[in-house]
Structures are given as structure tokens and as C-alpha cells.
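Given next are the chains, with one letter for each unit.
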Amino acid sequence: MSLFKCLFQSLQISSKFGARRISTKVCGIKLQIDGTPAARGLRSFSTNTEEQQDSSQSENPETDREYETKTRILNSALTFVNEYGWTKKAIVAGAEEEGYPAVTHGLFPGGGADLVSYFYVLSNNQLSEKLHKETQKDAEEKKGTTKLIRWALETRLRMIIPYIDTWPQAMGIMTLPQNAPTAWQNLANLVDEIWYHAGDRSTDMNWYTKRLSVAAVYKSSEIYMLQDKSGDYLETWQFMDRRIQDITKMGKAVKECQQGSDVMREGVMAATEIAKNILGVSSRHR
């Protein structure tokens, strides 16, 4: 299965029937995300490991404790990533830092992949909150869609900077076959979040092309950033701007082609009608 096909299928989950309730799993924790920004916090984690369980179980004290335990360990483990990488060793260190025994890492069977995915979901949720505030401010300033998307992409990429030295390892982990579906679902959630806050409510193929385009800009900029040695990653932001300009130009070109097709079709119809009149076969003269 190609990478774009995998991402396309991930996007289909988000767009089905126009619903924006996304379901994914992180370290055995089922994550359900509503389309409203207020409902997209990390507290929407559900620790149900079965495919379908009544949501009322989230009120179970054991479930809450398990959620809190996993969250505390993973949050603490992130502080050890630069020392141990995206590994089970970082999770063990996080567990011990929070006062749990080292064997608690058994809660995370995916090891480093669980930690990477948790960071991705955490960052996406943080971006969601920032986007909600930014769109409220943007309603007054009228920045425009392109500027908002550009701001969102840079904001999200900057969340990687504290872990930039170990991020190639994280990316490598998530390209493994068993982790790729989760990685692409996380990316699909990210670009859908950006476009949703940008006001996109399309229901045709544009829904997919817009998200695939932004996903391509994000991933190419992410890879570029890994080798960027410029101050404050200036070259990365310039690279990203060029990719956004490419997409904008392509979008305008497609629109012009569509408009050109309409004009051509109307021209052909008009020419046909004229020819029919000249030949005396127009229905009006029969």
C-alpha cells in the first residue's frame, strides 16, 4: 500500500458523512476526538481496550486512575527523550520519576512507538487549542486562509524543536509497517484540524486534495527541518513558504483550467448552434 493511499484512507475516516469524530489508539488507549475544539483535549482519552465499550465506563474510578497513570508516565518520559531517545528506557525512567515501579512500562506494549504517538496526539491537541484562539482573533484581523494555514504549520513544527536531535529516530519508528497506520492517522488528524479551523466545509474531492496538499507541505518541511542549521530554522520557514506558494499556484491553475473548460464548452455549444442555423437544421426553423 502506498503512503498516499494510506493517508487517503485515513482522511476518509475523518470525512465519512461529514462527521469530525476521529478514533485512533495510542498505547492501547482508544482516543476519540470530537469536531468541536472544546472537546478535543487529552481528557478525551478512553482507556477502553475493547473495540466498542459503553462510554459510561469512563466514569469508572479504575479507568480514571489508569488514564492518569499512563498520562503522568508518558508526560514524564518526554523529559528523558533527549537522553534515552524514543525508547522503552525513556518510559521506564518516566515511570520511576513518577514513583511507579519500572515494570509499569508493561502498560505500553508498543514501547517507543507509543511514546512518539502520544507526543503527536498531545501536540495536535495543543495546536487545536491555539487554532481555536487564533481563529477567534483572525475573525477580527481577517488574515486569510493561506496565512492561517502557514501559521498553523509553523506552530506545529516548532513543537518538534525541543526533540530535534532525536526526531529522526521518532520518524523512523513510525515508518515501521506496524506503526505506519497510526502515523498516517495522526497526520490526517493534523491536516483536518488545520483545514477545519481555516473554515473549509467542502464535501467533494477538494476535501481530499486540500488535505493531501497540506500534508505534503508539512512532511517535506519536517524533513527539511532535520538538516536545517540556520538560526531559528529560518531556511525551513522559507522552504515551507515556497511549498505553500506552489500549492496556491497549482490551485489557481486548476481553477483557471476548470473555468477555461466551461468557456470552451459554451463556445463549442454556441458554434454548434450557429452551424445548425446556417445549415437550416436548427429546431427553431423546422
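Please read all numbers here as calculations on a predicted model, not as lab measurements.

*Asks:* Explain the overall build of the protein to me, using residue names and the numbers behind them.
*Replies:* When helices and strands are tallied, the protein shows 10 helices and 3 strands. Of the regular secondary structure in the protein, the N- to C-terminal order runs α-β-β-β-α-α-α-α-α-α-α-α-α. Of all 286 residues assigned to the protein, the portion counted as buried reaches 43%. In the protein, the proportion of contacts linking residues at least 24 apart, taken out of those at least 6 apart, comes to 65%.

*Asks:* How would you explain the pattern of salt bridges if you had to name every residue and give the values?
*Replies:* The full count for this structure, using the stated rule, is 11 salt bridges. Between Glu154 and Arg158 there is a salt bridge whose closest N-O contact spans 2.9 Å. With Glu154 and Arg158 both in helix 6 (residues 145-158) and 4 residues apart, the pair spans about one turn of that helix. Of the residues examined, Glu154 reaches a relative accessible area of 15% and is grouped as buried. Relative accessible area serves as the criterion here: at 28%, Arg158 is assigned to the partly exposed category. One salt bridge connects Lys210 with Asp200, and the closest N-O pair in it is separated by 2.8 Å. Residue Lys210 is found in helix 9 (residues 206-226), and its partner Asp200 is found in the loop between helix 8 (180-197) and helix 9; the two are separated by 10 residues along the sequence.

*Asks:* For the nonpolar core, give the residues involved together with the corresponding values.
*Replies:* Leu78, Trp86, Leu115 and Leu153 are the most contacted members of the largest nonpolar core, which has 53 residues in total. Of all the secondary structure elements, the ones that give two or more residues to this core are helix 2 (61-78), helix 4 (88-97), helix 5 (112-141), helix 6, helix 7 (167-174), helix 8, helix 9 and helix 10 (234-279). For this core, the element with the most residues is helix 5, which contributes 9 residues. In this structure Leu115 touches Leu74, Ala77, Leu78, Val81, Trp86, Thr87, Ala90 and Ile91, once residues within four positions along its chain are discounted.

*Asks:* Tell me what's going on with the packing of helix 7 against helix 9, and back it up with residues and numbers.
*Replies:* Direction vectors running N to C along helix 7 and helix 9 enclose 140°, while the axes themselves pass 10 Å from each other. Put simply, helix 7 runs oblique to helix 9. For the pair helix 7 and helix 9, the contacting residues are Trp167, Pro168 and Met171 in the first and Lys219, Glu222, Ile223 and Leu226 in the second. Here the contact of helix 7 with helix 9 is composed, by residue class, of 5 nonpolar, no polar and 2 charged.

*Asks:* Residue-level account of the packing of aromatic side chains, with values.
*Replies:* Under the definition given, this model contains 8 aromatic pairs. Both rings, one in Phe80 and one in Tyr84, keep their centres 6.3 Å apart while their planes meet at 20°; by these two values the pair is stacked. The class for Phe80 is buried, based on a relative accessible area of 15%. In this structure Tyr84 comes out as partly exposed when scored by relative accessible area, which is 28%. Aromatic pair Trp86 and Trp167: ring centres 5.6 Å apart, planes at 75°, arrangement edge-to-face. Of this pair, Trp86 sits in the loop between helix 3 (81-84) and helix 4 while Trp167 is found in helix 7, placing the two residues 81 residues apart along the sequence. The exposure classification of Trp86 matches that of Trp167, with both residues buried. Through a chain of ring-to-ring contacts, three or more aromatic side chains come together here, namely Trp86, Phe119, Tyr163 and Trp167. Against the face of Tyr120 rests Arg156, its NZ or CZ located 4.5 Å from the ring centre.

*Asks:* With reference to specific residues and values, describe the environment of Asp200.
*Replies:* Judged by relative accessible area, which is 8%, Asp200 ranks as buried. Measuring from C-alpha to C-alpha, the distance between Asp200 and Lys210 comes to 9.1 Å, with 10 residues separating the pair along the chain. Sequence-distant contacts of Asp200, defined by excluding residues within four places in its chain, comprise Trp195, Trp207, Lys210 and Arg211. At 2.8 Å, the side chain of Asp200 forms a polar contact with the side chain of Arg211.

Rules behind the numbers
Residues numbered from 1 in each chain as written. Predicted model: local features only at pLDDT ≥ 70, side-chain atom pairs only at ≥ 80, totals over all residues. Heavy atoms only, no water. Helix = DSSP H or I, 4+ residues; strand = E, 2+ residues; numbered from the N terminus. Buried < 20%, exposed > 50% of the residue type's maximum accessible area, 1.4 Å probe, protein only. Contact = heavy atoms within 4.5 Å. Salt bridge = Lys/Arg side-chain N within 4 Å of Asp/Glu carboxyl O. Core = buried A, V, L, I, M, F, W, Y, C linked by side-chain atoms within 4.5 Å. Axes fitted to C-alpha atoms, helices over the stretch in contact; angles between N-to-C directions. Parallel < 35°, antiparallel > 145°, perpendicular 65-115°, else oblique. Nonpolar A, V, L, I, M, F, W, Y, C, P; charged D, E, K, R; others polar. Phe/Tyr/Trp six-rings, centres within 6.5 Å; stacked < 30°, edge-to-face > 60°. Lys NZ or Arg CZ within 6 Å of the ring centre and 35° of its normal. Polar contact = N/O pair within 3.5 Å; in protein donor to acceptor, adjacent residues only side chain to side chain.

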